[in-house]
Amino acid sequence: EEAGVPDVVCSFMETVTAIVLAAMLLRRRGPRRHRGWVTRVAIAPVALLVALLTLVGSAAGAAAMPVAFKAAPAVPGEPSIPVTALTEAPGPQPVDRFTLTAEVRRIGGHEAWTFNGTVPGPELRVRQGDRVEVTLVNHLPAPTTVHWHGVPGLPDAEDGVAGLTQDAVPPGGRFVYDFVAREPGTYWYHTHQDTGGQLPLGLFGALVVEPRGGVAQARDHTVVLHQDGAAVAMNGVTGTLRLAARPGETVRLRLIDAVVPQMDGTPETPVLIGASYRVVALDGRDLDAPGLLGPERLVLGMGQRADLVFTMPMSGAVRLVDGEEHGKPSLLQRLFGGPTARFASALIGDGPAPAVPDLGRLPVFDPLHYGAPALDPITTHPADVTFPIVIDEAPGFRDGTIQLVHTIDGEAAPYVPPITVHEGELVRLHIVNRSGEYHPMHLHGHTMSAVARDGVPVRGSPIHLDTLLVGPHQTWDVVFLADNPGLWMLHCHVLLHARMGMSMTVDYAGVTTPFTMGSRSGNIPE
């Protein structure tokens, strides 16, 4: 990839390597008869089989590898709207201007891809109702973009998906994103060009939209959980992150999960110790009448956020921990990568830190039964249309190689048929996870209202999300209002799963794009 060698050529080279290996094994003569027998009878045929399968995969990949992807053509008689026309209308809002310069920096002994020289990138903090104007300047050796994860009402042209809403910004180029921060909340931004390759290198940061009247708490801290080499870090710190707070002050802690998970998508489970707290928001959307909690494990899939509010004790610090202090890397972590140092910590305030309990014995926070029930009109009306979303995995050929293909409705991207909706429709998704993995399913441009999990309806506060964590063999029902025309991605935010095919689009009828995805265009969002 770094040399720009086409995938088909790489697959052919893999095939040749496998054939040579098989030939060497067939000719090998060990010092002992038993070892030679095992080599010739057991290992060599397997190597030959792998070579044959890889060769078939190479041929299939050469013939079927997608070089371009476009949305379905407009229906005759219906108006056609290009995504480039779906921009923010001019208005009198105050303008908050930022520049994000994507550049290579050396941080902590390794090379990082950064926004403005830091990992995470700078926190962008604005007020509700402000117009946000961000200029991306690309000094990287590869094209890139910026996606505004979870921002409600974002115009499609500003979504930052290479090949769907824009061309990736080439080295030396720039692009201006322009949108209005309509709703307060905790959001984040990251690249959506070669996401699985670029985001882990450092191209992400926090976006906080404060309410018009300002934040109610005395302290307002954002903590981004992310990967730093083999470790889990908080705001770039792999040791102990220090956050200021005085005794008796109220603190809002905004947690963002940007950790690249291991192969099975295992979520993060941060725990707050030393003060009772309330979970006041999920994915930036407020919960109704949140109750006080003791130490509980908050389960966050990649891309999800949670806001905690608590009062500082009169003596001592409050501690946020994530993971197991003395955990060992799993087999999946050793084979497929992902964080291996499973403990990160932040201290809020001064004084002695509370002891870390046995995290595995703590209860798990369940949003379905938290907070007070309230009217959620979007879940009480019958849906206009329902779509089944079946997510699964199976070994197979994709892009000319043998891999664990991750599918939606039996197909892998870019061949997953899009969901087509019309503006104003109430859309229900029945999501079924047939795999043994976790899948944080992120829907761009919309807010999903949770209806039920495994057939059990939401009993507490209404839950509004842009990223839904679907556990192994779980079933979820969610609804959303089709109120934001465009072409929007729906994909797993486990980057490896998306790269292996778990990605699709939600298309509004009549919306088209002049952009293409694939090797010819250079636009590769996953």
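Computed from a predicted structure; not experimentally measured. (Residues numbered from 1 in each chain as written. Predicted model: local features only at pLDDT ≥ 70, side-chain atom pairs only at ≥ 80, totals over all residues. Heavy atoms only, no water.)

Details of the confidence of the model for the protein
In step 1: Averaged over every residue, the pLDDT of the protein is 87; the share at 70 or more is 82%.
In step 2: Here residues 28–40 is a poorly scored stretch, pLDDT under 50, and it has 12 contacts once near neighbours within four places are set aside; other chains count.
In step 3: Note on residues 54–70: pLDDT is under 50 here. Beyond four places in sequence and across chains, it has 39 contacts. (pLDDT = per-residue confidence, 0-100. Contact = heavy atoms within 4.5 Å.)

With respect to the sheet that holds strand β7 (residues 174–180)
In step 1: An order of β3-β2-β5-β7 is seen for the 4 strands of this open sheet, with the pairing classed as mixed. Two strands close off the open sheet at either side, each with one partner strand: β3 (110–115) and β7. Put simply, the sheet's adjacent strands are angled 20 degrees from each other on average, direction ignored.
In step 2: By the bridge criterion, 6 bridges tie strand β2 (residues 95–107) to β3 in an arrangement that is antiparallel. Each residue of the ladder has a partner; that of R105, found in β3, is A112. (Pairing = 2+ DSSP bridges. Helix = DSSP H or I, 4+ residues; strand = E, 2+ residues; numbered from the N terminus. Axes fitted to C-alpha atoms, helices over the stretch in contact; angles between N-to-C directions.)

Concerning the packing of aromatic side chains
In step 1: Inspection of the entire model under this criterion finds 6 aromatic pairs.
In step 2: Centre to centre, the rings of F175 and Y177 are 4.7 Å apart; their planes meet at 55 degrees, and the pair counts as tilted.
In step 3: By relative accessible area, which is 25% here, F175 ends up partly exposed.
In step 4: Take Y177: its relative accessible area is 0%, and that puts it in the buried class.
In step 5: Taking 5.0 Å as the distance between ring centres and 75 degrees as the angle between the ring planes, the aromatic pair formed by F365 and Y370 counts as edge-to-face.
In step 6: Three or more aromatic residues link up through ring pairs in this structure, and these residues are F115, W148, F175, Y177, F179 and Y189. (Phe/Tyr/Trp six-rings, centres within 6.5 Å; stacked < 30°, edge-to-face > 60°. Buried < 20%, exposed > 50% of the residue type's maximum accessible area, 1.4 Å probe, protein only.)

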